[in-house]
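Chain by chain, the residues:
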Amino acid sequence: MLASGKLAIDGGQPAITQPIPGGGYGVELIDDQEINAVADVLRSKKLFRFMENSQCQQLEQEICNRLGVKHSVFLNSGTSALTCGLAGMQIGPGHEVIVPAYTYIASAAAVVGVGAVPVIAEIDDSLGLDPADVERKITPHTRAIMPVHMQGVPCRLDAIIAIAKKHKLFVIEDCCQAVGSSYRGKPTGTRGNCGAWSLNYYKSITTSEGGVFFTDDPDIFERALFQSEVGLPMWLKDRTTWKTPPFSRAGYRGNEILAAMARVQLQKLNCVLDHCRSLKKLLLKLLNEPKCYVRQHVDDPDGDNGFSFAMLALTPDLARRMGQAMQAEGLGVGTAYNDGFPDRHIYAFWDSILNKTGATPAGYPWKDPAYKGNVVYSKDMCPRTLDILSRALRVGIHMKLNETHVRQIAAAINKVDAALA
Ligand SMILES: *Cc1c(COP(=O)(O)O)cnc(C)c1O
């Protein structure tokens, strides 16, 4: 081995000479545009979404235009958006919804929120739902599948939609981490029955907290609105006919200040995508043919946001050694799953779900008399997911990285891969 190839962990020169900064996405682009948009709303004192030509309504129109969908509504969070979608599809007590074992706990919590039971299915090398396991997990109680596009990477959506069609199930796409992504030329969230965005601080674009629900289906949308706004018919005075008798459920109303900010951030979404996508392309180009790992399967590379590059090491032990060696080179990567950190993106750490803890001692929704199924959870129920995540090393690509950083990251990965092969 060349002297320059000696690993830093063994006393060699680190591949990375400039520290790799941390960073986010839309949040990094906040400037006077957002500040002025928010200030203008405050000055106007028009702070209610049902006022004429409100910021919320304008935002919703702009989102519909961007996604090519008929209906959208701005809400207080991505969790709320998922809850609205489930209620919109009339999912509730007695029903099961299949969610991936690797997603933020909010995906499963939204199912519980409408009184339905989450069923946890394995992920595959896409780090998204494994279509084969989805099919195995279908029962007579299943009503919907919730594919999640993690870290901006679209999952195997075609295969999941085909299974849903075959079994006459709904598909609600959790796009909370993938705002801006697409799949086979269409925005994610528009191929299933409906989709949800989060505008939380960590996501593609942000209003600190926020969410968007969208669908083409007028009936799903009407019920989603009832779920989101307890007094809806009072605000929409002109509307007298409803397909579903109005019901009152929860208060997830979006607000004008954040909607004004969201409109500015939406204009910056392409800037975020262009930056991250071009850096990920560069990284992929610079990486040698891997020996110690395989790349995460990306079902539609053109639709990937470019936020994440994941390596699946051949064994968990190799993943640990690669992680340590890369750390010494100056690249902070750890395995997604390890015993040290209770990451709520991994089902094994969803204590409230695994323990079937409800808001009251009665144990709803699992003990709801309407529920005739018998879902069984355990920490090791998805061994394939735990195996994949214990081998997964992730490099985040964000707005604070530039080409120089990416060249150094690639050099570190290539060096470690060659040395440990
Ligand atoms: C962030 C996130 C959510 C929830 O969004 P909030 O806005 O935080 O409620 C749901 N699903 C996934 C996959 C997420 O990453």
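Our structure is the block above this text.
Now for a look at the structure at hand. All figures in this text were calculated on a predicted structure; none of them were measured in a lab.

Thoughts on the sheet that holds strand β12 (residues 392-396)
With antiparallel pairing, the three strands of this open sheet are ordered in space as β10-β11-β12. Edge positions in the sheet fall to β10 (293-295) and β12, since each has one partner strand and no second. Sheet twist, expressed as the average angle between the axes of neighbouring strands with direction ignored, equals 30 degrees. Bridge count between β10 and strand β11 (residues 308-313): three bridges; the pairing is antiparallel. Considered in β11, the bridge of Val294 is made with Leu312.

Focus on the site of the ligand
Within the structure, the ligand sits among 15 residues, and Gly78, Thr79, Asp174, Ser198 and Lys203 are positioned closest to it. At a separation of 2.8 Å, an oxygen atom of the ligand approaches a polar backbone atom of Gly78. Relative to its unbound accessible area of 380 Å², the ligand is 93% covered by the protein chains. The residue inventory of the shell around the ligand, partitioned by class, reads four nonpolar, nine polar and two charged.

Examining the nonpolar core
Ranked by internal contacts, the top residues of the largest apolar core, which has 75 residues, are Leu86, Ile120, Phe213, Ile346 and Tyr347. Beyond its immediate chain neighbours, meaning those up to four positions away, Ile120 contacts Val99, Pro100, Ala101, Lys137, Tyr347, Trp350, Leu354, Tyr377, Met381 and Cys382. Val272, Val333, Val395 and Ile409 belong to the second-largest nonpolar core, a separate cluster that totals 35 residues.

Quick notes on the rules
- Residues numbered from 1 in each chain as written.
- Predicted model: local features only at pLDDT ≥ 70, side-chain atom pairs only at ≥ 80, totals over all residues.
- Heavy atoms only, no water.
- Pairing = 2+ DSSP bridges.
- Helix = DSSP H or I, 4+ residues; strand = E, 2+ residues; numbered from the N terminus.
- Axes fitted to C-alpha atoms, helices over the stretch in contact; angles between N-to-C directions.
- Near = heavy atom within 4 Å.
- Polar contact = N/O pair within 3.5 Å; in protein donor to acceptor, adjacent residues only side chain to side chain.
- Areas by Shrake-Rupley, 256 points an atom, 1.4 Å probe, with all protein chains shown as cover.
- Nonpolar A, V, L, I, M, F, W, Y, C, P; charged D, E, K, R; others polar.
- Core = buried A, V, L, I, M, F, W, Y, C linked by side-chain atoms within 4.5 Å.
- Buried < 20%, exposed > 50% of the residue type's maximum accessible area, 1.4 Å probe, protein only.
- Contact = heavy atoms within 4.5 Å.

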